[in-house]
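Fold and geometry: a report
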Amino acid sequence: MVKKNLKGLTLQELEEFMATLGEPAYRARQVFKWIYKGVTQFDSMTDLPKSLIKILNDKACISMIKIYKKFESALDKTVKYVFLLEDGNMVEGVKMEYSFGVSACVSSQVGCRMGCAFCASTIGGMVRNLSGGEMADEVLAIEKDTGKKVSRVVIMGSGEPLLNYDELIRFLSLLNSPLAFNISFRRITVSTCGIVPEIIRLADEGIPVTLAVSLHAPDDVLRNRLMPVNRIYPILQLLDACKYYIIKTRRRITFEYALISQVNDTQECARKLSMLLKGLLCHVNLIPLNPIREKGFEKSKPDRVAAFEKILSSSGISTTVRREMGADIEAACGQLRRSILDEVKE
Ligand code: SAH
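Residues numbered from 1 in each chain as written. Predicted model: local features only at pLDDT ≥ 70, side-chain atom pairs only at ≥ 80, totals over all residues. Heavy atoms only, no water.

1. Considering the packing of helix H6 (residues 196-204) against helix H8 (residues 235-249)
To keep it simple, the criterion reads: In this description, a line fitted to the C-alpha atoms serves as the axis of each element, helices being fitted only across the stretch in contact, and the angle between N-to-C directions of two axes falls anywhere from 0 to 180 degrees. By definition, any uninterrupted DSSP run of H or I lasting at least four residues is a helix, any uninterrupted run of E lasting at least two residues is a strand, and each is numbered from the N terminus. Relative orientations are named as follows: roughly parallel for angles under 35 degrees, roughly antiparallel for angles over 145 degrees, roughly perpendicular for angles from 65 to 115 degrees, and oblique for any other angle. We call two residues contacting when some pair of their heavy atoms lies within 4.5 Å. Lys, Arg, Asp and Glu make up the charged group, whereas Ala, Val, Leu, Ile, Met, Phe, Trp, Tyr, Cys and Pro make up the nonpolar group; the residues left over, Gly among them, are polar.
Orientation of H6 relative to H8, taken along the N-to-C sense of each, is 5°, at an axis distance of 9 Å. Between H6 and H8, the angle is such that the two are roughly parallel. In this structure, H6 uses Val 196, Ile 199, Ile 200, Leu 202, Ala 203 and Asp 204 to contact H8, whose residues at the interface are Gln 237, Leu 238, Ala 241, Tyr 244, Tyr 245, Lys 248 and Thr 249. When the residues that make up the contact of H6 with H8 are grouped by side-chain class, the tally is 9 nonpolar, 2 polar and 2 charged.

2. Some remarks on the pairing of strand E9 (residues 150-155)
Let me state the cut-off plainly: Accessible area is worked out with a 1.4 Å probe on protein chains only. A residue is then buried under 20% of its type maximum, exposed over 50%, and partly exposed in between. Here, strands pair whenever DSSP counts at least two bridges between them. By the criterion used throughout, a crossover qualifies as right-handed when its path from the first strand across the helix to the second strand runs clockwise, the strands pointing away from the viewer.
Most of E9 is tucked away: 5 of the 6 residues are buried. As paired strands, strand E6 (residues 101-105) and E9 are joined by 4 bridges and run parallel to one another. Following the sheet pairing, Val 102 is matched in E9 by Val 150. The parallel pair E9 and strand E10 (residues 188-192), bridged by helix H5 (residues 165-176), forms a crossover whose chirality is right-handed.

3. Focus: H6
Helical geometry note: an α-helix holds 3.6 residues per turn, so side chains three or four residues apart project in the same direction. Threshold: Arc definition: it is the arc formed by the directions from the helix axis to the C-beta atoms.
The set of residues buried in H6 consists of Val 196, Glu 198, Ile 199, Leu 202 and Ala 203. Projection of H6 onto a plane perpendicular to its axis shows the buried side chains occupying an angular sector of 165°, all on one side. The elements touched by buried residues of H6 are H5, E10, strand E11 (210-214) and H8. Two residues or fewer after H6 comes Gly 206, characterised by a positive phi angle close to 75°.

4. Quick word on helix H9 (residues 267-277)
Among the residues of H9, Cys 269, Ala 270, Leu 273, Ser 274 and Leu 277 are the ones counted as buried. Relative to the axis of H9, the buried residues are bounded by an arc of 140° and lie together on one face. Of the surrounding secondary structure, the elements contacted by the buried residues of H9 are helix H7 (220-226), H8, strand E12 (253-259), strand E13 (282-288) and helix H10 (302-314).

5. A short note on the sheet that holds E10
Taken in spatial order, the 10 strands line up as E3-E4-E5-E6-E9-E10-E11-E12-E13-E14 in an open sheet, and their pairing is mixed. If you trace the sheet from one side to the other, it starts and ends with strand E3 (66-72) and strand E14 (319-321), each paired once. When the angles between neighbouring strand axes are averaged without regard to direction, this sheet yields 25°. Here E9 runs beside E10; their pairing, made up of 3 bridges, is parallel. For Val 154, the partnering residue across the bridge sits in E10 and is Thr 189.

6. A closer look at the environment of Lys 54
In this fold, Lys 54 is placed in helix H3 (residues 50-59). You can call Lys 54 exposed: its relative accessible area is 54%. Linking Lys 54 and Leu 215, residues 161 residues apart in sequence, is a C-alpha distance of 52 Å.

7. What about the site of the ligand?
Heads up, the condition is: For this purpose, a residue is taken to be near a molecule or strand whenever a single non-hydrogen atom of the residue falls within 4 Å of it. Each polar contact in these results corresponds to two N or O atoms within 3.5 Å; when the atoms are within protein, one needs to be able to donate a hydrogen and the other to accept it, and residues that are neighboring in sequence are counted only if both atoms are side-chain atoms. Here, Shrake-Rupley sampling with a 1.4 Å probe gives the accessible areas, and only protein chains in the shown set may cover a residue.
With respect to spatial proximity, 19 residues lie near the ligand, and among them Phe 118, Ser 191, Ser 214, His 216 and Asn 290 are the closest. Here an oxygen atom of the ligand sits 2.5 Å away from a polar atom, N or O, in the side chain of His 216. For the ligand, the protein covers 96% of the area, taking 530 Å² as the surface of the free molecule. For the shell around the ligand, the secondary-structure elements that each account for two or more residues are E10 and E12. Grouping the constituent residues of the shell around the ligand by class yields 9 nonpolar, 8 polar and 2 charged.

8. With respect to the side chain of Glu 134
Of note, Glu 134 is situated in helix H4 (residues 132-146). Taking the relative accessible area as the measure of exposure, Glu 134 reaches 14% and is therefore buried. Among the polar contacts made by the side chain of Glu 134, one reaches the main-chain amide nitrogen of Ser 131 at a distance of 2.9 Å. Non-local contacts of Glu 134, meaning those with residues more than four positions away in its chain, are made with Ile 65, Leu 85, Arg 128 and Asn 129.

9. Digging into the nonpolar core
Note the following rule: To form a nonpolar core, buried Ala, Val, Leu, Ile, Met, Phe, Trp, Tyr and Cys residues must be joined to one another through side-chain atoms within 4.5 Å. Domain delimitation follows an automatic or database domain assignment.
By size, the foremost hydrophobic cluster in this structure holds 106 residues, and its most contacted members are Val 31, Leu 56, Leu 172, Phe 255 and Leu 277. Each of domain 1 (4-61) and domain 2 (66-345) contributes no fewer than three residues to this core. Excluding residues that lie within four positions of it along the chain, Leu 172 makes contacts with Ile 155, Phe 185, Ile 188, Val 190, Ile 207 and Val 209. Of all hydrophobic cores here, the second largest spans 8 residues; its members include Val 94, Met 96, Met 325 and Leu 336.

Rendered as structure tokens:
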């Protein structure tokens with residue numbers, strides 16, 4: 001008999017499973033709490049009776065991803081992890097430390113199929129979705145390794161989270177659950193390249209997570225070139241979906257804009273972007289491009305970044321330049337990739 005993996009089940013699903021064993025709901029709550037403390041052995045669940053532990057050992061298991069390799073930044077406290085999944089696939093995740101606590105950047109898919117011209121995650125395509133339990137495991141592994149509690153989660157690793165919708169929602173509910181991670185939705189950011197119908201679906205879900213939208217261009221001609229998804233969901237459709245998200249959740253949207261030298265960092269681009277976003281409840285995060293080995297693009301020079309920011313700010317658009325973290329270990333935005341065994345062994 002295949003053992004049932006309990007990691008990733010919602011509390012309700014775990015209660016249903018325990019009921020099939022003839023156990024009351026409070027037993028499910030006990031097991032649930034242990035799982036999200038990072039415990040993987042039923043024998044370590046000290047408040048369960050021995051008889052139940054034996055049954056659980058026979059019928060169930062708790063999966064755990066492994067840290068295959070760790071890269072520690074010499075510049076800041078950023079750590080990039082290469083996680084080994086149970087089927088041998090690997091994904092990357094990142095731990096960042098700020099004055100307000102530890103943040104985890106989590107991958108949602110093995111690889112990515114969105115094909116953005118400047119991003120490493122899409123090289124080699126998409127292999128599979130991660131389960132909600134595997135995403136939760138990325139956070140647990142970071143907590144276990146650092147000995148610190150993760151207080152913010154950004155789903156900005158490899159993959160397009162809105163194309164893995166059901167498992168994303170499962171993960172978000174685990175993050176928010178008081179008996180699991182207990183992280184408020186406001187401290188969770190879901191980043192998307194702009195899958196319009198799924199943005200609308202998320203807006204209707206009633207969970208006020210922060211939505212980050214990777215925009216990177218102020219018009220369709222340029223965005224089509226940089227982000228193939230724009231050919232299906234062009235900018236005006238995307239912005240309509242964003243407006244809907246703002247109305248439904250009352251949350252401010254973050255637009256991410258990677259500044260690529262001589263491509264999307266001109267003053268004209270900045271002016272067009274200002275016009276596009278004027279009046280919208282939003283914040284713009286400018287990210288000087290993190291160069292990717294295989295791609296030909298270069299980072300904008302600091303003076304061009306400053307000029308771009310000035311145009312946006314003077315139009316009344318809240319703008320920041322993202323602090324670069326972990327650039328020396330390829331842990332920055334767009335640098336996470338599908339790892340291949342030979343590569344990480346070096
Ligand atoms: N698929 C989602 C989640 C990935 S988030 C999305 O597109 O939003 C990763 C963020 O890093 C996105 O905003 C992405 O556009 C950005 N990014 C990708 N490559 C980058 C690069 N080379 N430099 C800076 N940011 C990059």
